[in-house]
Amino acid sequence: MAICLFAIFLGSSLLQAQPGAPEIVIEMQGEASAPRESISLWDKNAKQLTKIFRGKDRTYVLYHADNVSSKDEIISAADGKEYAFVRYGSDDGDYRKFLFKAEDPQTFLACAANVEDVLAVNKKYNVNLGVSRRDFVRRYENQTTLMNLADTAAGKTYQVYKLNYSDINNKTPQPHYFVFEEDDLIQTYVGDDAYYQFVGKLSQSNKNRSAQQKAAEQARQQKAAQERQEAWERANRPVRKALVSGGTVEDQMYMPRAVNAKPLPALTPSNIPAGTPLPTPQ
C-alpha cells in the first residue's frame with residue numbers, strides 16, 4: 001500500500017510541474033478613493049463661502065466643512081415656509097450659518113458670518129437664524145434706541161431696539177424694531193405701523209389682565225369683609241332669655257316664656273356652706 005501511495009503522490013507532483021500548466025490568476029480592479037477635500041470655514045467670510053458652496057447641497061457642506069456643526073435642523077419662516085438650517089459655532093461668538101432649501105436635495109441658499117449677514121438673510125427669507133442680544137449691541141449700540149415693553153399676561157419684559165436698518169439687498173434705511181427676550185431675538189417688525197400694532201395688542205392684553213386682577217382682588221376683599229362682618233355678628237349677638245319656670249315676679253311679668261321647654265331638674269341642696277371658696281380647675 002505504501003508503494004501505491006508514493007506512486008500517486010509522484011504522479012500528482014509531475015503533473016503540477018509540467019511546463020505550460022494553467023495558473024489561477026485573480027485580478028483586482030477599481031480605483032483608490034480620493035482623499036476628502038476639507039474646506040476651512042473660519043478664514044472665509046460669507047461672500048467667499050457663498051462662492052464655494054453655490055449650487056451645492058447641505059450634505060456636501062456637512063461633509064467638506066472642517067468643523068462639526070453645532071445645530072442642524074428644519075426652521076420655519078413667518079409665512080410657514082420651511083428651510084434647512086446648519087450652524088457652526090454659537091450665536092454669541094464666532095459662527096458660520098447656512099440656509100438651504102428644505103426639500104431634497106436641500107440646495108444651498110445663503111451664508112452668514114456675522115450679525116449683519118444674519119439680519120440680511122433673516123430679512124430676505126423672513127426667517128430667524130438666531131441673533132444674540134450681546135452680538136447685536138456690539139454692532140449697533142450707537143445706532144439704536146432702546147425701549148422696554150412689559151407683557152403682564154406672560155410675566156415678561158422685552159427689550160426693543162429701534163434701528164434705521166439697511167443692508168446689501170435694501171439700500172434705503174427704514175425703521176426696524178428688533179424685539180429681544182433676555183438675550184435672544186424673538187421678533188422683528190418692519191416699519192412703525194407694524195410695531196405699533198404689536199404694542200397696541202400687548203397694551204390691550206395688559207389692560208385685560210389688569211382688569212381681571214383688579215376684579216379678582218375686589219372679590220377677595222369683599223369676601224374677606226363679609227367674613228369679618230359675620231364673625232363680628234356672631235361674637236356680638238345679644239343673648240336672648242326666656243323663662244322656663246320659676247323666676248321673680250318681675251321675670252314672670254316681663255320675660256318671654258319658653259314654649260314646650262323641657263322642665264329643669266329639681267334643685268339639689270348643696271352640703272357646702274355658702275361663701276366657701278371652690279378650688280380652681282388646673
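Residues numbered from 1 in each chain as written. Predicted model: local features only at pLDDT ≥ 70, side-chain atom pairs only at ≥ 80, totals over all residues. Heavy atoms only, no water.

### Re unusual backbone geometry
We apply this condition: Strands are runs of DSSP state E lasting at least two residues, helices are runs of H or I lasting at least four, and both sets are numbered from the N terminus onward.
Each neighbour pair has its own omega, and for D104 with P105 the value is 10 degrees, a cis peptide bond. Positionally, P105 belongs in the loop between β3 (95–101) and β4 (108–112). Even without a glycine there, the phi angle at E182 is positive, about 60 degrees. Locating E182 in the fold gives a position in the loop between β7 (170–181) and β8 (184–190).

### Side note on the packing of helix α4 (residues 115–125) against helix α5 (residues 133–140)
Applied cut-off: Angular values range over 0 to 180 degrees, each being the angle between N-to-C directions of two axes fitted as lines to C-alpha atoms, with helices fitted over their stretch in contact. Geometric relationships in this document are graded by angle, where less than 35 degrees denotes roughly parallel, more than 145 denotes roughly antiparallel, 65 to 115 denotes roughly perpendicular, and other angles denote oblique. When checking whether two residues touch, look at their non-hydrogen atoms; a contact exists if any pair is within 4.5 Å. Gly counts as polar in this scheme, as do all residues outside two lists: the nonpolar Ala, Val, Leu, Ile, Met, Phe, Trp, Tyr, Cys and Pro, and the charged Asp, Glu, Lys and Arg.
Put simply, α4 and α5 touch, their axes get as near as 10 Å, and they point 105 degrees apart. Viewed along their axes, α4 and α5 adopt a mutual orientation that is roughly perpendicular. Packed against α4, whose contacting residues are V115, E116 and L119, the element α5 presents D135, F136, R139 and Y140 at the interface. Tallied by class, residues from the contact of α4 with α5 come to four nonpolar, no polar and three charged.

### Notes on the sheet that holds β7
Selection rule: For two strands to be treated as a pair, DSSP must find at least two bridges joining them.
Spatial ordering of the open sheet is given by β5-β6-β7-β8, a layout of four strands whose pairing is antiparallel. Both outer strands of the open sheet, β5 (144–151) and β8, are each paired with one neighbouring strand and no more. Across the sheet, the axes of successive neighbouring strands diverge by a mean angle of 30 degrees, strand direction being ignored. One ladder, built from six bridges, connects β7 with β8; its direction is antiparallel.

### A look at the sheet that holds β4
With respect to topology, four strands assemble into an open sheet ordered β1-β2-β3-β4, the strand pairing being antiparallel. Each edge of the open sheet carries a strand with a single partner, namely β1 (71–76) and β4. Each strand axis lies, on average, 25 degrees off the axis of its neighbour in the sheet, ignoring direction.

### Brief notes about the pairing of β7
In terms of strand pairing, strand β6 (residues 156–167) meets β7 through eight bridges, oriented antiparallel. Considered in β7, the bridge of L163 is made with H176. Where β6 folds back onto β7 in an antiparallel hairpin, the turn is made up of two residues. Between the end of β7 and the start of β8, which pair antiparallel, lie two residues, with E182 showing a positive phi angle near 60 degrees.

### Digging into α4
Threshold: Categorising residues by exposure relies on relative accessible area from a 1.4 Å probe, with only protein chains included: less than 20% of the type maximum marks a residue as buried, more than 50% marks it as exposed, and the intermediate range marks it as partly exposed. Here a polar contact is recorded for every N or O atom pair within 3.5 Å, except that within protein the pair must consist of a potential hydrogen donor and a potential acceptor, and residues adjacent in sequence are included only if both atoms are side-chain atoms.
Listed as buried for α4 are V115, V118, L119, A120, V121, N122 and Y125. A distance of 3.1 Å separates the backbone nitrogen of E116 from a side-chain oxygen at the start of α4, and that oxygen is part of N114. A positive phi of about 60 degrees marks N126, the residue just after α4.

### Comments concerning the packing of aromatic side chains
Selection criterion: Centres within 6.5 Å are what make two rings of Phe, Tyr or Trp a pair, Trp counting through its six-membered ring; a difference in plane orientation under 30 degrees is then read as stacked, over 60 as edge-to-face, and the rest as tilted.
Within this structure, the stated rule accounts for 20 aromatic pairs. Note on F53 and F108: the rings are 6.5 Å apart at their centroids and 45 degrees apart in plane angle, and the pair reads as tilted. In this pair, F53 sits in helix α2 (residues 46–53) while F108 sits in strand β4, placing the two residues 55 residues apart along the sequence. The class of F53 is buried, set by a relative accessible area of 0%. Relative to Y140, the ring of F136 has its centre 5.1 Å away and its plane inclined at 40 degrees; by these criteria the two rings are tilted. Of this pair, F136 and Y140 both sit in helix α5, separated by four residues, roughly a single helical turn. The pair F136 / Y140 is uniform in exposure class, with both members buried. By the ring-pair criterion, three or more aromatic residues cluster together here, those being F53, Y60, Y88, F98, F100 and F108.

### Digging into the pairing of β4
On any regular strand, side chains alternate: one points to one face of the sheet, the next to the other face. The buried fraction of β4 amounts to four of the five residues, a majority that puts the element mostly inside the structure. With four bridges connecting them, β3 and β4 associate as antiparallel partners. Bridge pairing in β4 links K97 to A112. Linking two consecutive strands that pair antiparallel, namely β3 and β4, is a turn of six residues; a positive phi of about 55 degrees is found at Q106 within it.

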